[in-house]
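Survey of secondary and tertiary structure
Chain by chain, the residues:
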Amino acid sequence: LEEAAKLVDAVVRDRIGQASSSPVAQQLGNFLRAPKRLADAITRPAVQIVPQASRLIDPLTAPARWLDELADVVPSLSRQSADDKQMLESFDTVWQRLSPRADEGAASTLPLSLRPPPAADALLE
């Protein structure tokens, strides 16, 4: 049961990593970071001239900072360890040996839940 839980964790992190590296996710991250970049560009000169202004500006820019932090949450969830990679490779090896082969020329015998998702670009077309 513990090994099954480790496998599920590894698969989830792998899929989150794949999803967060897609072009759609990258654009969403840029969209979430834009308000903070804008707020920094506008407020940085004021803070440099009057350092005490940061006490007034910081609470006003908090929502923009939260969106920026939110953009970093998903990639941080997908950090894989060496154990994750080993677990996925081991499962793939076991699956290849134990899975029934209907056709020797089949490209992949992995179950659908473990196959890579289709490219986000193909889904949008």
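The structure under discussion appears in the preceding block.
An account of the accompanying structure is given in this report. (Residues numbered from 1 in each chain as written. Predicted model: local features only at pLDDT ≥ 70, side-chain atom pairs only at ≥ 80, totals over all residues. Heavy atoms only, no water.)

Broken down by element type, the chain carries 6 helices and 0 strands. Relative to its 125 residues, the chain shows a buried fraction of 21%. In the chain, the proportion of contacts linking residues at least 24 apart, taken out of those at least 6 apart, comes to 68%. Accessible surface, the chain as shown: approximately 9,300 Å² in total, 62% of it carbon and sulfur. (Helix = DSSP H or I, 4+ residues; strand = E, 2+ residues; numbered from the N terminus. Buried < 20%, exposed > 50% of the residue type's maximum accessible area, 1.4 Å probe, protein only. Contact = heavy atoms within 4.5 Å. Areas by Shrake-Rupley, 256 points an atom, 1.4 Å probe, with all protein chains shown as cover.)

Let us look at helix α1 (residues 2-20). Helix length check: α1, at 19 residues, gives a terminal C-alpha distance of 27 Å against a target of 27 Å (1.5 Å per residue), a fit within 8%. Check the buried side of α1 and you find it contacts α2 (23-49), α4 (62-77) and α5 (82-98). (Expected span 1.5 Å × (residues − 1).)

Bringing the packing of α2 against α4 into the picture now. Here α2 crosses α4 at 155°, and the two axes come no closer than 7 Å. Relative to α4, α2 is oriented roughly antiparallel. Taken as a pair, α2 and α4 cross one another with a handedness that is left-handed. Contact residues: Gly 29, Leu 32, Arg 33, Pro 35 and Lys 36 in α2; Ala 64, Arg 65, Leu 67, Asp 68, Leu 70, Ala 71 and Asp 72 in α4. Of the residues contributing to the contact of α2 with α4, the split by class is 6 nonpolar, 1 polar and 5 charged. (Axes fitted to C-alpha atoms, helices over the stretch in contact; angles between N-to-C directions. Parallel < 35°, antiparallel > 145°, perpendicular 65-115°, else oblique. Left-handed = near helix turned anticlockwise from the far one by under 90°. Nonpolar A, V, L, I, M, F, W, Y, C, P; charged D, E, K, R; others polar.)

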